[in-house]
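So you can see what is in the structure, the chains are spelled out below.
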There are 4 protein chains.
Amino acid sequence: MIIQLRSSITEQHQHQVLQAITGIGYKPKRVTTQFGNYIVCIGNKAFDIRTIGSLEGVQDIHYVSDEYQLVSSKWKVGKTSIDLGDGVVIGGGHFQAMAGPCSIESEEQVRGIVRHLKHHGVRIMRGGVFKPRSSPYAFRGMGLEGLRMFSHLCREHGIKLITEVMEPAQIAPMYDYVDVYQVGARNSQNFNLLDELGKVDKPVMIKRGISGTIEELLYSAEYVFAGGNERLLLCERGIRTYEKASRNTFDINAVPILKEKTHLPVIVDPSHAIGIREFVEPVALAGVMAGADGILIEIHEKPEEAASDGAQTLNFEESARIFAKIRAVTALRKQWERA
Amino acid sequence: MIIQLRSSITEQHQHQVLQAITGIGYKPKRVTTQFGNYIVCIGNKAFDIRTIGSLEGVQDIHYVSDEYQLVSSKWKVGKTSIDLGDGVVIGGGHFQAMAGPCSIESEEQVRGIVRHLKHHGVRIMRGGVFKPRSSPYAFRGMGLEGLRMFSHLCREHGIKLITEVMEPAQIAPMYDYVDVYQVGARNSQNFNLLDELGKVDKPVMIKRGISGTIEELLYSAEYVFAGGNERLLLCERGIRTYEKASRNTFDINAVPILKEKTHLPVIVDPSHAIGIREFVEPVALAGVMAGADGILIEIHEKPEEAASDGAQTLNFEESARIFAKIRAVTALRKQWERA
Amino acid sequence: MIIQLRSSITEQHQHQVLQAITGIGYKPKRVTTQFGNYIVCIGNKAFDIRTIGSLEGVQDIHYVSDEYQLVSSKWKVGKTSIDLGDGVVIGGGHFQAMAGPCSIESEEQVRGIVRHLKHHGVRIMRGGVFKPRSSPYAFRGMGLEGLRMFSHLCREHGIKLITEVMEPAQIAPMYDYVDVYQVGARNSQNFNLLDELGKVDKPVMIKRGISGTIEELLYSAEYVFAGGNERLLLCERGIRTYEKASRNTFDINAVPILKEKTHLPVIVDPSHAIGIREFVEPVALAGVMAGADGILIEIHEKPEEAASDGAQTLNFEESARIFAKIRAVTALRKQWERA
Amino acid sequence: MIIQLRSSITEQHQHQVLQAITGIGYKPKRVTTQFGNYIVCIGNKAFDIRTIGSLEGVQDIHYVSDEYQLVSSKWKVGKTSIDLGDGVVIGGGHFQAMAGPCSIESEEQVRGIVRHLKHHGVRIMRGGVFKPRSSPYAFRGMGLEGLRMFSHLCREHGIKLITEVMEPAQIAPMYDYVDVYQVGARNSQNFNLLDELGKVDKPVMIKRGISGTIEELLYSAEYVFAGGNERLLLCERGIRTYEKASRNTFDINAVPILKEKTHLPVIVDPSHAIGIREFVEPVALAGVMAGADGILIEIHEKPEEAASDGAQTLNFEESARIFAKIRAVTALRKQWERA
């Protein structure tokens, strides 16, 4: 159960509401975000909803049957959209492509990609500066210094940036330079990291765990929301199965299921979801057709020279073609929505 | 290695070719299909290809690095298309929707669906008369008698039919009534059934096993082809994974991967692949967008009364909408191909 | 619900029972096996059990909450044991090792293994004559002729034999030569084959499907039992997962779970479950420790020369050591049971 | 390639070795642990091993074909054993049971379990104070304060303790109170945490990821070792598969595979691996039989009242029986080893 409080509620009235909740046998948790003031109530006793709904300072009260609450579409009318400023909005009818290399490697590399994105009307660049790697001996990214350069070049050209954060201690130093924090698949259930990201006033995109369920992804988002940050994006990036003909199995079913279960925007990452360069295009378009609000694609001026993930990275020509086709597919979706 | 023989080859020359193959250390298997006369050669010794290519009666010789041979795209230029007659062609640029109930239940039911399909320009009806069921106590279908009625009504209206065959003994009695034999997911590696279907001159659609690999599906097709029947369709219908939010996990990656590995048409079955009625449309369209040559959808006049699979079955209104949208998506694909 | 009928029941009384069942809204299915006369009733209405229990000719009536019925441990007191004759009993406290090659290859091969088994007190030999193979070009077994030779040599030395049956048409010709029919993993849901095996009066061992659930395995057994054959064994042989360090993932959890859910004996097949020769011993012993009633091991005089599955096949020395250790483990289990 | 340096090596000679490594085209990484001074060299060029082996200060040089190096059994003769002091040793022939509740709940609870463990000769207690939970609203453990109490009671009675660490910032405050840091399944690839644990001089047990591969587990251990900490334990705790009859699928194959691939001790956690109280015993014993060096079991005086994981937790009577049986199984293993 979610209780939305009026912004004008007094401390005394809040206290009364909390007491009333405890009185009916529920456990209250106060959540204050950028946009609202909530009490999430855990329990499942029957009671007369008016005993709480009529209290001073209570704006709305929602019964949510899912165990995750704040991210559930059962209480929030309408879809959440994330506004990154300068007209870059994701969700709620706004589609965004995000593209860039697996790893940020050099100023020249970033400049080239920024130019390419601008030329094709793409507004968000992805790129890793802290890289989670299975082996301790692999390249682990340019770090904070790389991020500063990356951020500088993006801002110069009006491009927003998304990059991965790997631990709580990185959140603060990264703050001035990122537009969206990304939580990677391996950190999808790093609950301490999620808790800390709840305290930040910047959007967070959470990738589904390597073998995470759709429900676990929603719970991970609930962590950040319950921590105080409503500006969340969810990302389907393929799951681990027995099939080894592709890097992962793109769970395209997750797109409509997530769109129905939550009000948050849903992003697809076809590059990781199939992991084979020549097949990124068809599954990317399939993901958009299935209803995604955004897409994340790995591109590089020379994929064969990329520091990581070259095998799934598109070159400029390939990505230009995909950007154009995505536009045709989203136009078709729009046309159906208007019909 | 595949050796294509000229249709005019004499017995004596065939004998010479077989001897030459054995001589270079390969094991030959003769394959005669509706369309050709092949020798599949198993082995991997190095040799001078001209020693065989120059023999009398040899038309072409193809080195295929995959372990499956005849279904591989490495030897056959161009895509295979399956012509069911009356202008109904699948593959090679021709897209076909196939729709119908999980189980054939009554004459009235079939009549209603045939009418609906005709009205919307769909040329192939699916419907089960032999039903594989986990429990021995569940409804197992109307059997041969149901098939006769089903076939009669379809032919009356120029509709082709596809239905599942479950064992070798059913092949002959079904022959006069089916246009396409379907091999179900549970029989995907029923090798005796596949062997026998190789001897029939009617198209066969093989569904991927419940946790079958893409490679196993190709091998299953190789069985039928090597048995003598080239008219094959492959069907992605979702795989079994840990995720239980949907009935199966639609492995959409399989569509472009299969399209690249084989010359056979690739069909998608979104009804089984997600198993939830309200989400069939988005994943169906995604499957078409990813490059499928055809689609299989479960529909019923009253899904809530269906003898089986009601939870994933669309009603007439829903399916009409999907047929129209599929047309828009295939039109977009055509437009890109021409560009 | 299962109704056990007295063997002396008259046709008229049977008719009354069937009417009574239909009257309370259940669907009856009559099952006659080697050992009993049952009516399985499908439905879940509440009713006074005495209305049926008091009818003439009814011996016992059991309410079974599982959807599978006859194989459930909820109605049958005590474990089923399968008596192959000559003192070879599996289940109900009797443990049996079964060992032999993947494929029967020659008379000499069979003779050698029979001698080895006799020497080590193993009473059942396994060996395939019909081999399910992914590729149509692989060795498919010696067939019926091989089976005759195999059977002749086993009987000469008092060894029982188990071998795979692949299709209904093989059942009759194999009948005189087998002691246990094996249904392979790929045929675990070949329902027509299961139906036909219900009509035979020889034991049947069903392997779990490649990605079959425990429940599906029980349903497959229910097919054979409901077809009329109670003499059933279930076999855990590893399942398909994302982990590729072993051929399959040995689901050892299945052993205690099956032992609790069904009265049928449970066999483990460590050779397929791990697929790596040097590790067969530890997981074989683990399977026995977990409570298996029998074990199936692939052995060969010269594993490196085996026609199939050599990589997971033990030689005579290795298998002798394993037979001895199994004895120590089963002795420990017996000791605990007596305590 | 791993180069072991003599402890007496001078700075100058170390410099020479590093130069020589770079000279032959390898990338050196210096690793200093509690026990040794290594250079791990990444690359795969052919070279004359004597050019390095003959350098001053080089003790040994090992070529390791695996991509993980320091944890590989290919360079280290003999198994690693972890000595926790007071005669409590794990690995290298020493078996240890570790038991305790999922969550530390109260002083009384800890006292009761400590007494129970002492009575049955168990030397290590497990218990969580920081609990990773899918839902942000679930109980998250008693925290540091709980750990202090837990540690105090254990030390009073000579019991060692193992507990989970969830983020780098917890390592230092926990240091004085733990004997073994546990990395949970969800943090198995939290590389920043692994890096930091490399800097600590206390043993670390890493659980396999929820769908982690055996190889990924070894890489995670490589992180800690390469960070400077050799005292490592690996834990198989079940993996996520399609089978839902148990909480996880106990990958018992992993036990012999890990024992062969690494010199580190291998622990099994049957409580999580099956997740059903009544079946913990058979799979626990199976795990020991398969070769585990230790076992982790969830126990509670009153499992039905446990704050978490009650469904898989054993009571004192059940755990006493299991401790006794484990002793019989390890005795049998010892007897075979001596033979």
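Thresholds applied
- Residues numbered from 1 in each chain as written.
- Chains lettered and ligands numbered in written order.
- Predicted model: local features only at pLDDT ≥ 70, side-chain atom pairs only at ≥ 80, totals over all residues.
- Heavy atoms only, no water.
- Helix = DSSP H or I, 4+ residues; strand = E, 2+ residues; numbered from the N terminus.
- Rg over C-alpha atoms; globule rule 2.2 N^0.38 Å.
- Buried < 20%, exposed > 50% of the residue type's maximum accessible area, 1.4 Å probe, protein only.
- Contact = heavy atoms within 4.5 Å.
- Areas by Shrake-Rupley, 256 points an atom, 1.4 Å probe, with all protein chains shown as cover.
- Lys, Arg positive; Asp, Glu negative; His and termini not counted.
- Charge placed at Lys NZ, Arg CZ, Asp CG, Glu CD.
- Buried area = accessible area lost by both parts, 1.4 Å probe.
- Salt bridge = Lys/Arg side-chain N within 4 Å of Asp/Glu carboxyl O.
- Polar contact = N/O pair within 3.5 Å; in protein donor to acceptor, adjacent residues only side chain to side chain.
- Nonpolar A, V, L, I, M, F, W, Y, C, P; charged D, E, K, R; others polar.
- Axes fitted to C-alpha atoms, helices over the stretch in contact; angles between N-to-C directions.
- Parallel < 35°, antiparallel > 145°, perpendicular 65-115°, else oblique.
- Left-handed = near helix turned anticlockwise from the far one by under 90°.
- Pairing = 2+ DSSP bridges.
- Right-handed = clockwise from strand over helix to strand, strands pointing away.
- Least-squares fit on C-alpha atoms with pLDDT ≥ 70 in both.

Student: Would you take a moment to explain the overall build of chain A for this structure?
Tutor: Helix and strand content of chain A: 11 helices and 14 strands. Taken over C-alpha atoms, the radius of gyration comes to 21 Å for chain A, in line with the 20 Å a tight globule of 339 residues would show. Viewed in the frame of its principal axes, chain A has a C-alpha envelope of about 65 × 45 × 40 Å. For chain A, the residues scored as buried account for 63% of the 339 residues in total. Of the contacts made within chain A by residues no fewer than 6 positions apart, 68% connect residues no fewer than 24 positions apart. On chain A, roughly 12200 Å² of surface is accessible, and the fraction owed to carbon and sulfur atoms is 47%. The positive charge centre, built from 40 side chains, and the negative charge centre, built from 40, are 1 Å apart in chain A.

Student: Please explain the interface of chain B and chain A as it appears in this structure.
Tutor: How big an interface is tends to be stated in terms of accessible area lost as the parts join. Counting residues at the interface gives 38 residues for chain B and 38 residues for chain A. For the pair chain B and chain A, the summed buried area comes to about 2900 Å², and 72% of that belongs to carbon and sulfur atoms. Broken down residue by residue, the surface that chain B buries against chain A is led by Tyr242(B), Asn253(B) and Trp336(B), which jointly contribute 21%. Taking the shortest distance from any N to any O, the salt bridge between Glu243(B) and Arg208(A) comes out at 2.7 Å. For the interface between chain B and chain A, the tally reads 14 residue pairs in polar contact (both at pLDDT 80 or more). At the level of elements, α8 (254–261), α9 (270–274), α10 (280–289) and α11 (316–338) of chain B are the ones that each hand at least two residues to the side of chain B that touches chain A. Considered class by class, the residues forming the side of chain B that touches chain A number 23 nonpolar, 8 polar and 7 charged.

Student: Please clarify how the packing of helix α7 (residues 214–227) of chain C against helix α8 (residues 254–261) of chain C should be interpreted in this entry.
Tutor: Each pair of packed helices can be summarised by the angle the axes make with each other and by the distance between the axes. Residues and elements named next belong to chain C. Close contact between α7 and α8 brings their axes to 11 Å; oriented N to C, the two are set at 45 degrees. Taken together, α7 and α8 sit at an angle that is classed as oblique. Considering the relative orientation of α7 and α8, their crossing is right-handed. Between α7 and α8, the contacting residues are Ile214, Leu217 and Leu218 on the first element and Ala254, Ile257, Leu258 and Lys261 on the second.

Student: How should I be thinking about the sheet that holds strand β4 (residues 58–62) of chain C in this particular structure?
Tutor: One key point about sheets: their strands pair by backbone hydrogen bonds, in either a parallel or an antiparallel sense. Residues and elements named next belong to chain C. Taken together, 4 strands build an open sheet; the order of strands is β2-β3-β1-β4 and the sheet is antiparallel. The outermost strands of the open sheet, each flanked by one partner alone, are β2 (27–32) and β4. Neighbour-to-neighbour, the strand axes of the sheet open up by a mean angle of 20 degrees, direction not taken into account. Of the strands in this sheet, β1 (2–5), β2, β3 (37–42) and β4 are in contact with helix α1 (residues 11–23), which crosses β2 at around 145 degrees.

Student: Before we go on, may I ask you to explain the pairing of strand β10 (residues 180–183) of chain C in this structure?
Tutor: Along any regular strand the residues' side chains alternate between the sheet's two faces. Residue and element names in this part refer to chain C. Residue alternation in β10 divides its side chains into two sets, Val180 and Gln182 and Tyr181 and Val183, and both sets are buried. Bridge count between strand β9 (residues 160–164) and β10: 3 bridges; the pairing is parallel. The residue of β10 that forms the bridge with Ile162 is Val180. Where the polypeptide runs from β9 across helix α5 (residues 168–174) and back to β10, its parallel neighbour, the crossover connection is right-handed. For the crossover that starts at β10, traverses helix α6 (residues 191–197) and ends in the parallel strand β11 (residues 204–207), the hand is right-handed.

Student: Looking at this structure, I do not really get the sheet that holds strand β7 (residues 96–100) of chain B. What am I missing?
Tutor: All names here are of chain B. In space, the 8 strands of this closed barrel follow the order β7-β8-β9-β10-β11-β12-β13-β14, with parallel pairing throughout. Averaged over neighbouring strand pairs, the angle between their axes works out to 25 degrees when direction is ignored. Of the pairings in the sheet, the one linking strand β10 (residues 180–183) to strand β11 (residues 204–207) comprises 3 bridges and is parallel in character. Looking across to β11, one finds that Tyr181 is bridged to Val204.

Student: Looking at this structure, I do not really get the relation of the copies chain B and chain C. What am I missing?
Tutor: Think of it as a corkscrew move, a rotation about one axis and a shift along it, taking one chain copy to the other. Of the two same-sequence chains, chain B is brought onto chain C (RMSD 0.0 Å, axial shift 0.0 Å) by a rotation of 180 degrees. Accordingly, the operation relating the two chain copies is best matched by a two-fold axis. Within chain B, the C-alpha atom positioned nearest to the axis of rotation is that of Ser211(B), 3.0 Å from it. Of the interface residues in chain B, 100% have counterparts in chain C that sit at the interface too, so the contact is made through matching surfaces.

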